[in-house]
Amino acid sequence: MNVHGTVAEGFEPVRDAFARNFTALGERGAAVAVYRDGRKVVDLWGGTRNVDDAAGTEPWRRGTAQVVRSATKGVAAAVPLLLHRRGELDLDAPVGEYWPEFKAHGKERVLVRHVLNHRAGLPVLDRPLTPEDALDPRRGPAAVAAQAPVWEPGTDHGYHALTYGWLLDELVRRVTGGRGAGQWIADEIARPLGLDLWVGLPAAEEAAGRAGRVGRLDDPDPSEPGNGPRLRPKRAVTAAYEDPDSLTRRAFAAITPFPDQNDPEYRAAALPAANGIATADGLARFYAALIGEVDGVTRDVRLFDRATMELARAEESAGPDRVLVVGTRFGLGYMLHGSASPFLGPGSFGHPGRGGSLGFADPETGIALGYVTNGFRKTVTADPRAQALVRAVRASLARGPS
């Protein structure tokens with residue numbers, strides 16, 4: 001397996017772990033980037049750009065982007081937090097103050113912060129959306145506005161797998177006078193930083209073939225040498241995913257059937273919970289700008305000031321998750337380091353994407369990491385390939401400064 005790119009001195013363990021993901025964990029095509037104190041120290045890629053290209057006729061190249069699924073949530077979360085910093089959005093105001101139609105069915109008590117910390121009580125839709133409806137920027141928010149909470153808002157937490165995106169997007173539209181989260185990210189985040197990152201892939205980028213094809217990968221055979229034991233989920237987790245009436249199944253089935261993630265129409269839509277498209281560098285560079293300055297297109301850019309960063313990673317929700325069943329921790333829009341989604345250390349914050357991708361920052365070490373893949377596994381929050389890279393970064397730091 002040929003791994004391309006560079007690593008700074010001291011970060012060789014990341015290259016070794018990345019290569020092993022291909023030889024031992026069945027990686028098909030992927031990239032990883034790591035920044036430390038705003039400087040890129042890892043930039044690696046390998047494999048094929050399309051998951052179904054078993055012959056390797058189209059290699060992954062520098063700049064290949066992929067759908068990152070729920071890693072999109074961490075990018076989208078920056079929008080309301082930056083609007084809050086500018087004084088345009090009150091995190092403790094009822095959502096209904098900005099979005100009057102939302103108040104129906106007892107939702108007048110849902111606060112803006114409940115949208116970000118997964119305590120709104122709205123992880124499911126009683127009437128799931130069709131793929132066509134889901135891609136319409138009006139129908140998703142309308143469905144959420146018409147939905148009754150499944151628990152008293154603010155009293156408990158559960159992962160809002162898809163509804164998070166419609167809640168956040170409509171809030172942003174109401175506050176900005178019609179500019180959705182995808183456009184806000186393009187204008188205020190991606191363009192100043194020169195990020196290859198989109199929530200709503202522009203037609204020109206689609207035509208240029210920037211995004212590879214994604215798809216499901218089978219788990220590696222644990223009997224093969226080097227693959228290690230296959231970790232089995234707890235019985236309660238398995239039961240939750242198998243039960244069509246569980247909050248778990250219903251949350252992930254809020255769009256039924258789920259759209260083809262390789263369809264240009266899907267990639268062009270803006271679903272801030274699920275369909276961001278990014279390079280590994282775009283994702284890592286975004287997180288680097290949350291915790292420090294990064295060289296931008298025309299000037300050095302830092303997205304979060306210290307107060308906003310601390311707001312993002314302060315624990316808002318913790319304990320048994322009513323949707324994911326396992327224990328989770330959330331700040332405002334970001335998953336926090338914990339057993340369900342291990343990052344680099346206790347102060348890390350970020351977001352995984354179901355089946356593989358990962359982006360996070362660790363202010364204490366100055367590390368920001370982005371990992372994207374075209375092969376999705378059954379994992380939800382802690383994919384073994386991503387975790388191998390996190391461990392390798394930790395080992396690199398233990399060696400001393402580069």
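You'll find the structure just up there.
A brief look at the structure comes next. (Residues numbered from 1 in each chain as written. Predicted model: local features only at pLDDT ≥ 70, side-chain atom pairs only at ≥ 80, totals over all residues. Heavy atoms only, no water.)

Focus on the overall build of the protein
Within the protein one finds 15 helices and 16 strands. Relative to a compact globule of 402 residues, whose C-alpha radius of gyration would be 21 Å, the protein shows 20 Å and is just as compact. Seen through its principal axes, the protein has C-alpha atoms that stretch 55 × 50 × 40 Å. For the protein, with 402 residues in total, the buried portion stands at 57%. Taking the intrachain contacts of the protein between residues at least 6 apart in sequence as the baseline, contacts between residues at least 24 apart amount to 68%. Separation between the mean location of the 49 positive side-chain charges and that of the 50 negative ones in the protein comes to 3 Å. (Helix = DSSP H or I, 4+ residues; strand = E, 2+ residues; numbered from the N terminus. Rg over C-alpha atoms; globule rule 2.2 N^0.38 Å. Buried < 20%, exposed > 50% of the residue type's maximum accessible area, 1.4 Å probe, protein only. Contact = heavy atoms within 4.5 Å. Lys, Arg positive; Asp, Glu negative; His and termini not counted. Charge placed at Lys NZ, Arg CZ, Asp CG, Glu CD.)

Regarding the pattern of salt bridges
Counted under the stated rule, the structure contains 32 salt bridges. Here R113 makes a salt bridge to E316, at a shortest N to O gap of 2.7 Å. Linking R113 in helix α4 (residues 112-116) with E316 in the loop between α14 (306-313) and β10 (317-320), this pair joins segments that are 203 residues apart in sequence. Since its relative accessible area comes to 24%, E316 is described here as partly exposed. Here D133 ties to R139 by a salt bridge, and the two come within 2.4 Å at their closest N and O atoms. Here the salt bridges share partners, and the residues they tie into one network are R86, R179, D187, E188 and R191. (Salt bridge = Lys/Arg side-chain N within 4 Å of Asp/Glu carboxyl O.)

A short note on the packing of aromatic side chains
By convention here, two paired aromatic rings are described through the distance between centres and the angle between planes. Counted under the stated rule, the structure contains eleven aromatic pairs. Pairing Y159 with F330 gives two aromatic rings, centres 6.2 Å apart and planes at 15 degrees, and the pair type is stacked. Here the residue Y159 occupies a position in the loop between α6 (139-145) and α7 (163-176), and F330 occupies one in strand β11 (residues 327-330), the gap between them amounting to 171 residues. Of the residues examined, F330 reaches a relative accessible area of 0% and is grouped as buried. For the ring pair F343 and F360, a centre distance of 5.2 Å and an interplane angle of 15 degrees mean the geometry is stacked. Separated by 17 residues along the polypeptide, F343 in the loop between β12 (335-336) and β13 (349-352) and F360 in strand β14 (residues 358-362) bring together distant segments of the chain. You can call F343 buried: its relative accessible area is 0%. For F360, a relative accessible area of 0% gives the class buried. An aromatic cluster is built from Y159, Y241, F252 and F330, whose rings are joined through pairwise contacts. Lying across the ring of F102, K107 places its NZ or CZ 5.0 Å from the centre. Lying across the ring of F252, R354 places its NZ or CZ 4.2 Å from the centre. (Phe/Tyr/Trp six-rings, centres within 6.5 Å; stacked < 30°, edge-to-face > 60°. Lys NZ or Arg CZ within 6 Å of the ring centre and 35° of its normal.)

Structural notes on the sheet that holds strand β5 (residues 197-198)
Strand order in the open sheet made by the three strands is β4-β7-β5, with antiparallel pairing throughout. Of all the strands in the sheet, just β4 (66-67) and β5 have a single pairing partner and so form its edges. Two strands pair when backbone bridges link them, and β5 and strand β7 (residues 277-278) are joined in this way by two bridges, in the antiparallel orientation. Bridging across to β7, L197 finds its partner in A278. (Pairing = 2+ DSSP bridges.)

Some thoughts on the nonpolar core
Counting 78 residues, the largest nonpolar core has W166, I189, F286, F304 and Y334 as the members making the most contacts within it. In terms of nonpolar packing, the next biggest core, distinct from the first, is built from 38 residues, A30, L44, L389 and V390 among them. (Core = buried A, V, L, I, M, F, W, Y, C linked by side-chain atoms within 4.5 Å.)

Some remarks on the packing of helix α1 (residues 12-25) against helix α15 (residues 384-398)
Where α1 contacts α15, the two axes come as close as 8 Å, and the packing angle between them is 155 degrees. Comparing the axis directions of α1 and α15 gives the class roughly antiparallel. In the crossing of α1 with α15, the sense of the turn from one axis to the other is right-handed. In contact with P13, V14, A17, F18, N21 and L25 of α1, α15 contributes P384, R385, A388, L389, A392, V393 and S396. In terms of residue class, the contact of α1 with α15 is made up of ten nonpolar, two polar and one charged. (Axes fitted to C-alpha atoms, helices over the stretch in contact; angles between N-to-C directions. Parallel < 35°, antiparallel > 145°, perpendicular 65-115°, else oblique. Left-handed = near helix turned anticlockwise from the far one by under 90°. Nonpolar A, V, L, I, M, F, W, Y, C, P; charged D, E, K, R; others polar.)

What to know about the environment of G212
Mapped onto the secondary structure, G212 falls in the loop between α9 (203-207) and β6 (215-216). For the pair G212 and A65, spaced 147 residues apart in the sequence, the C-alpha separation amounts to 6.3 Å. Leave out the neighbours within four places in its chain, and G212 touches R49, N50, A65, Q66, N262 and R267.

What to know about a negative patch on the surface
A cluster of acidic residues, E132, D260, D263 and E265, forms a negative patch at the surface. By the secondary structure assignment, E265 is in helix α12 (residues 264-268). The exposure class of E265 is exposed, given its relative accessible area of 54%. (Patch = residues over 30% accessible without salt bridge, like charges linked within 9 Å, V, L, I, M, F, W, Y side chains within 5 Å. Areas by Shrake-Rupley, 256 points an atom, 1.4 Å probe, with all protein chains shown as cover.)

A word on the side chain of T163
Examined against the element boundaries, T163 turns out to sit in helix α7. Judged by relative accessible area, which is 0%, T163 ranks as buried. One polar contact links the side chain of T163 to the main-chain carbonyl oxygen of L122, over a distance of 2.7 Å. Leaving out residues up to four positions away in the same chain, T163 has contacts with L122, P123, V124, L125 and V144. (Polar contact = N/O pair within 3.5 Å; in protein donor to acceptor, adjacent residues only side chain to side chain.)

As for the packing of helix α2 (residues 71-85) against helix α8 (residues 181-193)
Close contact between α2 and α8 brings their axes to 10 Å; oriented N to C, the two are set at 75 degrees. One finds that α2 runs roughly perpendicular with respect to α8. Of α8, the residues touching α2 (which contributes V75, A76, A78, V79, L82 and L83) are A181, W184, I185 and I189. By residue class, the composition of the contact of α2 with α8 is ten nonpolar, no polar and no charged.

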